[in-house]
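The primary structure of each chain is shown beneath.
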Protein chains: 2
Amino acid sequence: MRNDLPVDGARLWADVMALAEITDPAQPYTRRSFSPRFLEGRAWLARRFEEASLKVHIDAGGNLIGRRDGSDPARGTIMLGSHSDTVPSGGRFDGIAGVIAALEAVRSLDQPSRHAIEVVDFLAEEPSDYGLSCVGSRAMSGHLDAGMLAYTNAAGEKLGAAIDRIGGATRDLAQARRNDIVAFLELHIEQGIVLESQNIDLGLVTAIVGIARVEIIFQGAADHAGTTPMTLRHDAGVAAARTIALVADSASALAASGQGHFVATAGVLTLEPNAANVVPGRARVVFDIRAEDHALATVFVAELDSESARIAAAAGVERSRFALLSNTTPAACDPRLRALLAQSAETLGFSTTSLASGAGHDAAFVSRIAPSAMLFVPCRGGKSHAPEEWAEPDALAAGAAVLREAVRRLDAR
Amino acid sequence: MRNDLPVDGARLWADVMALAEITDPAQPYTRRSFSPRFLEGRAWLARRFEEASLKVHIDAGGNLIGRRDGSDPARGTIMLGSHSDTVPSGGRFDGIAGVIAALEAVRSLDQPSRHAIEVVDFLAEEPSDYGLSCVGSRAMSGHLDAGMLAYTNAAGEKLGAAIDRIGGATRDLAQARRNDIVAFLELHIEQGIVLESQNIDLGLVTAIVGIARVEIIFQGAADHAGTTPMTLRHDAGVAAARTIALVADSASALAASGQGHFVATAGVLTLEPNAANVVPGRARVVFDIRAEDHALATVFVAELDSESARIAAAAGVERSRFALLSNTTPAACDPRLRALLAQSAETLGFSTTSLASGAGHDAAFVSRIAPSAMLFVPCRGGKSHAPEEWAEPDALAAGAAVLREAVRRLDAR
């Protein structure tokens, strides 16, 4: 571990490991938002915030915030953070690393600041049991509406009631909406293999992709696989296979075209009846399409619509469903903050590269109300949302040091 | 219903319906081999055989046989029949129609014959709970071996014990092997839509296809669908999709090449983890390949081997398994018996066409020890192995009449 950094890497690492230990012991690492374990983690976090002389509160949207005031209230707030909740059987770094690195950056500042500085643990970034992700950052950006508050979990509790239960105040939800943030910085593990494969210290995020989910159902006829001639078939599986192959080809071409990060995936494919001696009568495919450039995704979805219809007709099957399940717009990271992070990294001697975030993050919502940027640290094999998720102690320390340097420079501006 | 036919169509239909009624009432139409319901069906059949003055016995392989002796024992036996067992929730015609039509053909003969004539209900043509199909016809053709007799059902009963329990005698299994059959004719519903789509009365089966089952597993990496660039993926689903599309193209070309019935189907495809935001890490496909010409199937499987390996390499995934799960040879129907069936149909004024059987049948085993042929009757929409399976009374009567005419001509030869 480099010992010339202005942050305490060992303390940072110890805190990440300590928070990770607050897990459902039956399925490490699990700290689901709104659960008793999650509240236990937040109580632990609040103590760490207080030890760092931060004033702790939970905002109306349920976000845990540690704040130190600045000498010049007119300058507004610099905010750093991420989230402490996990997916079931998740890892020790996704979200957590960003919260603890933010804390480390702030507690290692050796001077008072003109700006107020806040460390935030956003509520429920991961898809929650209420069917919504990024709950806290939606609230902070004014994008948590009454319809969402009415979402209900399996036990019948409404999301609004759950937010209130963990310390929020949804009757005053508008108070969660911030207009004083002059900069938001989020550190996160990459959840990909670009940095690792290129042996680069840190990633400067250009944009957080928009995500379109498309569900297609091909309806054919479940005929006898032996007796039905090839010419008389209505094979839904073949239509699905041709569509998947075409999507892979088109997405690869677009990804190579220099128009930013673009990926498309057929992660879900289900055949019915899925029996060796029966022609597939029905096939359901879900495509996940992510683009830095929203126009590219829009054209891609339109082409998927027309091409899947053409493939269905050629295969003699009905394309009985083509549904855009969801469609979020990309969020560009603020160019000035990206440059600031780049300079901060260079000053400290870390190599960087620019890359898009293929995953969603709280920063995408915060970017709607404030200049925002993200810093990626490498993670082993790109593995995430799994117990084997791993980031090196040195990488986390490097990230925290860059956050600290960026805050120092922001405050001096 | 034509009333100029030398068979009693109404009696035939009533018997098919009566046997169909002997079903598990909870899931019509179910009469699983070796079950009490199956034995009840056979007891009913034995009474019908006896009413037709046939001598009834169960052979060593568990086949129920009704026999009338001929005036010239040296001429051997003409055998007609099919099977009375069903798949779970099957239909009223698959197998049953062939047994009752055989009975009707024989009981409507108005003269003694020189040949012995037998009506057979083969044991367990459908895949049985012991993991084997065509149990009775295997025994009759000498293809039921000791290894198969040791197959065990879920309750722990061995197949050999089950055969003995229903009246067979596996200690004398060699006695089931026949060498006196001079002709075997099996009527069966088509289980396809060739006859119906061409509005043809009866089908003359050229051959019963050989069936090859190939299992392929592609092993890739279950990476994040958002963060993993297209160029760094190991997408097992894309490899499977490309292979399925290629198989559909190749099989269609072969089917159109005039080398007999050829079909290939990807009926089973399973992705793991099958989640929208994860690149498929593993894909398992089972291909079912059926050909009248065994050489064609052999070449096809070899090409599937090399092409799937090529596709896997191009997709950056490992083809971790390529297994020929089973591979049966086609059974050609005897040309002289086919001609005889054609002449018999023509005499009675029925239109015919030649077609292969894409499904397996007892006749495939009997053809190894005796000249054998099959007669197909149309069935609605090609549906089979389902309660909606349907053949018209007229179609069954036509088939039985042709069987009767063929027996008459065989006996006169």
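Just so you know, these numbers come straight off a predicted model, no measurement behind them.

Engineer: Honestly, the overall build of chain A in this entry has me stumped. Any pointers?
Structural biologist: Counting its regular elements, chain A contains 12 helices and 13 strands. Overall, chain A is about 80 × 45 × 40 Å in size when its C-alpha atoms are taken along their principal axes. Taken over 413 residues, chain A has a buried fraction of 60%. Summarising the internal contacts of chain A: among those between residues at least 6 apart in sequence, 78% fall at separations of at least 24.

Engineer: Before we go on, may I ask you to explain the packing of aromatic side chains in this structure?
Structural biologist: Two descriptors summarise a pair of aromatic rings, namely the distance from one centre to the other and the angle between the planes of the rings. Residue and element names in this part refer to chain A. Here the structure, examined in full by the defined rule, presents 12 aromatic pairs over all chains. On the basis of an interplanar angle of 75 degrees and a centroid distance of 5.7 Å, the ring pair of Phe93 and Trp390 is categorised as edge-to-face. With a gap of 297 residues between them, Phe93 in the loop between strand E3 (77-83) and helix H3 (96-107) and Trp390 in the loop between strand E13 (372-377) and helix H12 (393-412) connect regions that are remote in the sequence. The burial state of Phe93 is the same as that of Trp390; both residues are buried. The structure contains a cluster of three or more aromatic residues connected by ring pairs, namely Trp13, Phe93 and Trp390. Sitting over the ring of Trp44, Arg48 keeps its end group 4.8 Å from the ring centre.

Engineer: So what exactly am I meant to see when it comes to the relation of the copies chain A and chain B here?
Structural biologist: Copies of the same chain, two in number, are related to each other by a rotation about an axis and a translation along it. With an RMSD of 0.1 Å, the fit of chain A onto chain B corresponds to turning through 180 degrees and sliding 0.1 Å along the axis. Taken together, the rotation angle and the small translation identify this as a two-fold axis. Residue Ala241 of chain A of chain A places its C-alpha closer to the rotation axis than any other residue of that unit, at 2.1 Å. An overlap of 100% is found between the interface residues of chain A and their copies at the interface of chain B, pointing to a shared contact surface.

Engineer: Would you explain the confidence of the model for chain A in this entry?
Structural biologist: Low pLDDT marks stretches whose predicted atomic positions should not be read closely. Summarising the model, chain A shows a mean pLDDT of 96, and 100% of its residues fall at 70 or more. Per the prediction output, this complex has pTM 0.86; the corresponding ipTM is 0.85.

Engineer: I would appreciate a short explanation of the pattern of salt bridges in the present structure.
Structural biologist: Pairs can form between side chains of opposite charge whenever their charged atoms are close. The tally for this structure, following the rule as stated, stands at 54 salt bridges over all chains. Put simply, Arg213 of chain B and Asp288 of chain B hold a salt bridge, and the shortest N to O gap is 2.8 Å. Within this pair, whereas Arg213 of chain B is found in strand E7 (residues 210-219), its partner Asp288 of chain B is found in strand E9 (residues 282-291), the two being separated by 75 residues in sequence. On the basis of relative accessible area, Arg213 of chain B is assigned to the partly exposed category, the value being 21%. Three or more residues are tied together by salt bridges with common partners; here these are Lys55, Arg67, Asp69, Glu118, Arg178 and Asp180 of chain A.

Engineer: Is there a simple way to explain empty space enclosed by the protein in this structure?
Structural biologist: To find the voids left in a structure, one rolls a probe of water-molecule size over its atoms. Residues and elements named next belong to chain A. Overall, the coordinates contain one cavity of 30 Å³ or more when judged by the stated rule. Approximately 40 Å³ is the volume found for the largest cavity. Around the largest cavity sit Thr86, Val87, Gly90, Gly91, Asp94, Glu126, His385 and Glu389, which together line it.

Engineer: Help me understand unusual backbone geometry, please; the structure alone is not making it clear to me.
Structural biologist: Glycine aside, the phi torsion of most residues is negative, and most peptide linkages are trans. Here the amide bond leading from Glu272 of chain A into Pro273 of chain A is cis, since omega sits at 5 degrees, within 30 degrees of zero. Looking at where Pro273 of chain A falls in the secondary structure, it is placed in the loop between strand E8 (262-272) and strand E9 (282-291). Residues Pro28 of chain B and Tyr29 of chain B are joined by a peptide bond in cis, for which omega reads 0 degrees. You will see that Ser53 of chain A, though not glycine, has its phi angle at about 65 degrees, which is positive. Among the structural elements, Ser53 of chain A can be located in the loop between helix H2 (36-51) and strand E1 (55-58). Here the phi dihedral of Gln191 of chain B falls at roughly 65 degrees; this positive angle occurs in a residue that is not glycine. Along the chain, the position of Gln191 of chain B falls in the loop between strand E5 (181-189) and helix H7 (194-198). Residue classification places Gln191 of chain B among the buried positions, given a relative accessible area of 3%.

Engineer: Help me out: how do you make sense of the environment of Thr231 of chain B in this one?
Structural biologist: On the secondary structure map, Thr231 of chain B appears in the loop between E7 and helix H8 (236-255). Note on Thr231 of chain B: relative accessible area 73%, which makes it exposed.

Engineer: Would you mind going over the packing of helix H1 (residues 9-20) of chain A against H2 of chain A with me for this structure?
Structural biologist: Two numbers describe a pair of packed helices, the interaxial angle and the distance between the axes. All names here are of chain A. Where H1 contacts H2, the axes come no closer than 10 Å and their chain directions differ by 155 degrees. Between H1 and H2, the crossing angle belongs to the class labelled roughly antiparallel. Every residue of H2 that contacts H1 at Asp15, Ala18 and Leu19 is listed here: Gly41, Trp44, Leu45 and Arg48. Classifying every residue of the contact of H1 with H2 gives four nonpolar, one polar and two charged.

Engineer: It is not clear to me how the nonpolar core should be interpreted in this structure. Could you clarify?
Structural biologist: Proteins that are soluble and globular tend to have nonpolar side chains buried together. Formed by 80 residues in total, the largest nonpolar core has its most connected members in Phe93, Leu185 and Leu396 of chain B. When residues of this core are assigned to their parent elements, the largest contribution, 11 residues, is made by helix H12 (residues 393-412) of chain B. Beyond its immediate stretch of four places on either side in the chain, Leu396 of chain B contacts Leu12, Trp13, Val16, Phe93, Ala97, Val377 and Ala391 of chain B. Listed in part, the 79 residues of the second largest apolar core include Ala97, Ala101, Phe122 and Leu355 of chain A.

Engineer: Help me understand the interface of chain A and chain B in this model?
Structural biologist: Interface size is commonly expressed as the accessible area that is lost once the parts come together. Facing the 52 residues of chain A at the interface are 52 residues of chain B. In total, about 3900 Å² of surface goes out of reach between chain A and chain B, with carbon and sulfur atoms giving 60% of it. On the chain A side of the interface with chain B, the three residues burying the most area are Thr227, Met230 and Ala276 of chain A, jointly 15% of the side's total. If you look at where chain A meets chain B, you find four salt bridges. Note that Lys383 of chain A and Asp223 of chain B form a salt bridge whose closest N and O atoms lie 3.8 Å from each other.

Quick notes on the rules
- Residues numbered from 1 in each chain as written.
- Chains lettered and ligands numbered in written order.
- Predicted model: local features only at pLDDT ≥ 70, side-chain atom pairs only at ≥ 80, totals over all residues.
- Heavy atoms only, no water.
- Helix = DSSP H or I, 4+ residues; strand = E, 2+ residues; numbered from the N terminus.
- Buried < 20%, exposed > 50% of the residue type's maximum accessible area, 1.4 Å probe, protein only.
- Contact = heavy atoms within 4.5 Å.
- Phe/Tyr/Trp six-rings, centres within 6.5 Å; stacked < 30°, edge-to-face > 60°.
- Lys NZ or Arg CZ within 6 Å of the ring centre and 35° of its normal.
- Least-squares fit on C-alpha atoms with pLDDT ≥ 70 in both.
- pLDDT = per-residue confidence, 0-100.
- Salt bridge = Lys/Arg side-chain N within 4 Å of Asp/Glu carboxyl O.
- 1 Å grid on protein atoms, 1.4 Å probe; cavity = no way out; pocket = protein on both sides within 12 Å on 5 of 7 lines; lining within 4 Å.
- Points joined across faces, edges and corners; volume = space filled by probe spheres on them.
- Axes fitted to C-alpha atoms, helices over the stretch in contact; angles between N-to-C directions.
- Parallel < 35°, antiparallel > 145°, perpendicular 65-115°, else oblique.
- Nonpolar A, V, L, I, M, F, W, Y, C, P; charged D, E, K, R; others polar.
- Core = buried A, V, L, I, M, F, W, Y, C linked by side-chain atoms within 4.5 Å.
- Buried area = accessible area lost by both parts, 1.4 Å probe.

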